[in-house]
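These are the residues of each chain, in order.
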Amino acid sequence: MHCPFCRHADSRVMDSRTSEDGASIRRRRQCPECGMRFSTTETASLTVVKRSGVIESFSRHKIVNGVRKACQGRPVSESDLALLAQKVEETVRATGSSQIEANEIGLAILEPLRNLDEVAFMRFASVYQGWESLADFEAAINVLRANREYAESNETFDLNETKRLTDR
């Protein structure tokens, strides 16, 4: 690491701390030549391969912008969008790959968006997955309904199970 003051080619790490979100490491360094101290932030690089073959850096901002369009007019806050983008990045980074297809990012967006707002999910999925007919929308709505009914039946079961166990 070059010293930003004297451009010496070496520096010594004095202290390292993980950032609050765990996505980067802040290092406090000292130049052995001039003695000045400075901080660096290190992150693992993640690149995205687009359909056209172009490679670019991963950006949470792009996720937020894309999902914001689907959430227009919906009760979704900026902090909700930021949290969704963080979840997507965590999912993508958990693959362990430093390069990921844009399509995989889109797939990683679908589940957190469905949990956030079903209407926004339908909007995003219809564009992302290229739905072309009402049948595509109907099929997706049926899947959403089935998932909701399944979740509600499991919640009811869990509540009944809890009541049964506490009545003993």
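Attention in this report is confined to the structure presented alongside it. (Residues numbered from 1 in each chain as written. Predicted model: local features only at pLDDT ≥ 70, side-chain atom pairs only at ≥ 80, totals over all residues. Heavy atoms only, no water.)

Description of the overall build of the chain
Item 1. If you tally the helices and strands in the chain, you get 5 helices and 6 strands.
Item 2. Taken from N to C terminus, the helices and strands of the chain fall in the order β-β-β-β-β-α-α-β-α-α-α.
Item 3. Relative to the globule expectation of 15 Å for 168 residues, the C-alpha radius of gyration of the chain, 23 Å, shows a markedly less compact shape.
Item 4. Seen through its C-alpha atoms, the chain measures out along the principal axes to roughly 70 × 55 × 30 Å.
Item 5. For the chain, the proportion of its 168 residues judged to be buried stands at 26%.
Item 6. Accessible area of the chain: about 11400 Å², with a carbon and sulfur share of 51%.
Item 7. Across the chain, the centroid of the 24 positively charged side chains sits 7 Å from that of the 25 negatively charged ones. (Helix = DSSP H or I, 4+ residues; strand = E, 2+ residues; numbered from the N terminus. Rg over C-alpha atoms; globule rule 2.2 N^0.38 Å. Buried < 20%, exposed > 50% of the residue type's maximum accessible area, 1.4 Å probe, protein only. Areas by Shrake-Rupley, 256 points an atom, 1.4 Å probe, with all protein chains shown as cover. Lys, Arg positive; Asp, Glu negative; His and termini not counted. Charge placed at Lys NZ, Arg CZ, Asp CG, Glu CD.)

Thoughts on the layout of surface pockets
Item 1. Put simply, the largest pocket is a space of about 600 Å³.
Item 2. Lining the largest pocket we find 23 residues, and of these K62, A102, I109, F124 and Y128 sit closest to its centre.
Item 3. At the level of elements, β5 (55-57), α1 (60-70), α3 (102-116) and α4 (118-128) are the ones that each hand at least two residues to the lining of the largest pocket.
Item 4. Per-element tally for the lining of the largest pocket: the top contributor is α1, with 6 residues.
Item 5. A class-by-class count of the residues in the lining of the largest pocket yields 10 nonpolar, 7 polar and 6 charged. (1 Å grid on protein atoms, 1.4 Å probe; cavity = no way out; pocket = protein on both sides within 12 Å on 5 of 7 lines; lining within 4 Å. Points joined across faces, edges and corners; volume = space filled by probe spheres on them. Nonpolar A, V, L, I, M, F, W, Y, C, P; charged D, E, K, R; others polar.)

With respect to the packing of α1 against helix α2 (residues 78-93)
Item 1. Two elements in contact, α1 and α2, have axes separated by 9 Å at closest approach and are oriented at 125 degrees. It follows from the interaxial angle that α1 and α2 lie oblique. The element α1 and its partner α2 pack so that their crossing is right-handed. Every residue of α2 that contacts α1 at R60, I63, V64, V67 and R68 is listed here: E78, L81, A82, L84, A85, Q86, V88 and E89.
Item 2. Residues of the contact of α1 with α2, tallied by class, amount to 8 nonpolar, 1 polar and 4 charged. (Axes fitted to C-alpha atoms, helices over the stretch in contact; angles between N-to-C directions. Parallel < 35°, antiparallel > 145°, perpendicular 65-115°, else oblique. Left-handed = near helix turned anticlockwise from the far one by under 90°. Contact = heavy atoms within 4.5 Å.)

Some words on the sheet that holds strand β6 (residues 99-101)
Two orientations exist for strands paired in a sheet by backbone hydrogen bonds: parallel and antiparallel.
Item 1. The mixed open sheet is built from 3 strands, whose spatial order is β5-β4-β6. The sheet terminates laterally at β5 and β6, the two strands that pair on one side only. Sheet twist, expressed as the mean angle between neighbouring strand axes with direction ignored, is 35 degrees.
Item 2. Both strand β4 (residues 47-49) and β5 contribute to a ladder of 3 bridges, which runs antiparallel. Bridge pairing in β5 links V49 to I55.
Item 3. Against the sheet, α3 engages β4 and β6, with an angle of about 75 degrees to β6. (Pairing = 2+ DSSP bridges.)

Overview of the nonpolar core
Item 1. The biggest cluster of nonpolar side chains holds 29 residues, and the ones touching the most others in it are I63, V67, V88, I105, I109, L113 and F124.
Item 2. Among the elements that make up this core, the one with the highest residue count is α4 (6 residues).
Item 3. Every residue in contact with I105, bar those within four places of it in the chain, is listed here: V48, F58, I63, V88, V92 and I100. (Core = buried A, V, L, I, M, F, W, Y, C linked by side-chain atoms within 4.5 Å.)

Observations regarding the pattern of salt bridges
Item 1. Tallied over the entire structure, the rule returns 11 salt bridges.
Item 2. Across the pair E78 and R68 runs a salt bridge whose closest N-O atoms are separated by 2.7 Å. In this pair, E78 sits in helix α2 while R68 sits in helix α1, placing the two residues 10 residues apart along the sequence.
Item 3. The class of E78 is partly exposed, set by a relative accessible area of 47%.
Item 4. Among the charged side chains, a salt-bridge network with shared partners connects R27, R29 and E42. (Salt bridge = Lys/Arg side-chain N within 4 Å of Asp/Glu carboxyl O.)

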